[in-house]
Amino acid sequence: MIEQSFSGIGMTSSRTRERLIQRLKSQGIANTEVLERIRSVPRHIFVDEALASRAYEDTALPIGFGQTISQPYIVALMTAALIEDHPSEKRLDRVLEIGCGCGYQTAVLSPFFCHIYSLERIPILLSRAREHLRQLKITNTTLRAADGWGGWKSEAPFQGIIVAAAPEDVPEKLLAQLAEGGRLIIPVGNRSWQNLLCITREGQDFRQEILGKVKFVPLLGGMEN
Ligand code: SAH
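We now turn to the structure provided with this report. Note that residues are indexed from 1 along each chain, following the sequence as it is written. Note on the predicted model: pLDDT of at least 70 is required for a residue's local features to be given, and 80 or more for side-chain atom pairs to be given and counted; whole-chain, interface and lining totals, by contrast, use all residues. Water and hydrogen atoms play no part in the side-chain values, which are based on all heavy atoms of the structure.

Attention now goes to helix α4 (residues 72–83). For the α-helix, the turn length of 3.6 residues means that residues three or four positions removed from each other point alike. Over its 12 residues, α4 runs 17 Å from end to end, which matches the ideal 16 Å to within 8%, given 1.5 Å per residue. Exposed residues in this analysis have more than 50% of their type's maximum accessible area, buried residues have under 20%, and partly exposed residues fall in between, with area computed by a 1.4 Å probe over protein chains only. Think of it this way: any DSSP run of H or I at least four residues long counts as a helix, any run of E at least two long counts as a strand, and we number them from the N terminus. Within α4, 12 of the 12 residues are buried, which leaves the element mostly enclosed by the surrounding structure. Within α4, burial applies to P72, Y73, I74, V75, A76, L77, M78, T79, A80, A81, L82 and I83. Remark: D85 follows α4 within two positions and exhibits a positive phi of approximately 70 degrees. Take the number of residues in a helix, subtract one, and multiply by 1.5 Å to get its expected span.

Right under this line is the structure:
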């Protein structure tokens with residue numbers, strides 16, 4: 001019964017998911033492990049039942065509190081950018097996610113890293129995320145209700161930091177928590193124009209690449225009650 005609810009029927013079936021994978025491929029996502037992961041994570045369990053039939057459309061969907069579950073293309077792009085150039089048999093050590101939301105990106109990231117640390121400023125979303133990850137038996141995560149602007153100093157350095165909400169400038173504290181060779185994937189800009197950046201630490205220097213134009217919710221300060 002549980003297995004069936006994950007594999008889905010009708011608009012959540014394997015055929016519907018295959019269409020999404022073909023779309024991501026046609027948009028340039030080439031990493032086959034990432035595509036397989038997007039195919040296997042049941043995105044419909046992360047959204048309200050009323051939206052389940054739209055879960056495999058390549059769009060962001062509301063998850064409450066004015067927040068959204070990220071668009072699959074963006075989740076695939078960010079995940080691929082984090083793991084690129086690393087041999088697949090050697091999992092990266094640890095990654096920090098800022099903006100856990102409903103936990104979908106966390107679930108997609110889970111097989112690629114030994115451990116995922118994730119911060120979310122809205123406690124109710126975080127408890128829902130915990131429940132989703134528990135349902136999927138994903139255990140290599142530590143989730144915390146906190147403002148992500150300062151990163152997670154006691155667990156740093158990270159080989160990857162992935163940010164699911166946009167600040168106007170790159171937070172210095174996140175750069176400081178990157179391991180040597182580590183990557184920060186972050187949307188930067190205002191409400192109408194943002195670039196998705198991939199910033200790699202090289203000693204005391206940071207190399208920056210623009211992955212594309214994106215539209216994320218803003219990275220807010222402080223906690224939501
Ligand atoms: N990762 C989610 C996307 C969630 S949308 C997914 O898989 O679909 C972005 C999330 O960032 C929201 O839940 C929002 O509450 C959170 N957020 C915004 N500013 C934040 C901050 N300063 N610290 C932590 N989380 C933040």
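Back to the write-up after that little detour.
Turning to the environment of I124, a few remarks are in order. Here I124 lies in helix α6 (residues 123–135). Assessed through its relative accessible area of 44%, I124 is described here as partly exposed. On a C-alpha basis, the gap between I124 and S26 in space is 36 Å, while along the polypeptide they are 98 residues apart.

This brings us to the site of the ligand. Any residue with a heavy atom positioned within 4 Å of a molecule or strand is treated as near that molecule or strand. Lining the immediate surroundings of the ligand are 24 residues, of which S70, Q105, E120, G148 and L220 lie closest. In this structure, G99 approaches the ligand through a main-chain N or O atom, which is 2.9 Å from a nitrogen atom. Any N or O atom pair separated by 3.5 Å or less is treated as a polar contact, with the protein-specific requirement of one donor-capable and one acceptor-capable atom, and with residues adjacent in sequence counted only for side-chain atom pairs. A distance of 3.3 Å separates a nitrogen atom of the ligand from a polar backbone atom of R121. The fraction of the free accessible surface of the ligand (580 Å²) that becomes covered by protein chains is 100%. For the ligand, the cavity whose grid points lie within 2 Å of the majority of its atoms is the largest pocket. Residue assignment for the shell around the ligand shows that the elements contributing at least two residues are β2 (67–69) and α5 (104–109). A total of three residues in the shell around the ligand trace back to one element, the largest contributor, which is β2. Working definition of accessibility: Shrake-Rupley area with a 1.4 Å probe, residue cover restricted to the visible protein chains. A cavity here means a set of 1 Å grid points, computed over protein atoms only, where a 1.4 Å probe fits but cannot escape. A pocket is an open set with protein on both sides within 12 Å along at least 5 of 7 lines, and lining residues have an atom within 4 Å of a point. For a molecule to be placed in a cavity or pocket, more than half of its atoms must lie within 2 Å of the grid points of that cavity or pocket.

Cis peptide bonds are those with omega within 30 degrees of zero, and the linkage from A156 to P157 qualifies with 5 degrees. Phi at K137 is positive, roughly 60 degrees, even though this residue is not glycine. Tracing the chain through its elements places K137 in the loop between α6 and β5 (141–145).

Now for the layout of surface pockets. Grid points are joined across faces, edges and corners, and a volume is the space filled by probe spheres set on the points. Its volume calculated, the largest pocket comes out at about 490 Å³. Lining the largest pocket are 34 residues, and of these Q67, G99, A164, A165 and V217 sit closest to its centre. Looking at the lining of the largest pocket, the elements that each hand over two or more residues are β2, β3 (92–98), α5 and β4 (113–120). In terms of residues, the lining of the largest pocket owes the most to one element, β2, which gives three residues.

This paragraph deals with the pattern of salt bridges. Definition used for salt bridges: Asp or Glu carboxyl oxygen within 4 Å of a side-chain nitrogen of Lys or Arg. Tallying each qualifying case throughout the model produces nine salt bridges. Note that D58 and R23 form a salt bridge whose closest N and O atoms lie 3.2 Å from each other. Taken together, the positions of D58 in the loop between α3 (32–40) and β1 (61–64) and R23 in helix α2 (residues 14–26) put the pair 35 residues apart, joining distant regions of the chain. The exposure class of D58 is buried, given its relative accessible area of 7%. Taking the shortest distance from any N to any O, the salt bridge between R39 and E36 comes out at 3.1 Å. Here R39 pairs with E36, and both are found in helix α3, just three residues apart, close to one helical turn. According to the relative accessible area criterion, R39 is partly exposed, its value standing at 25%.

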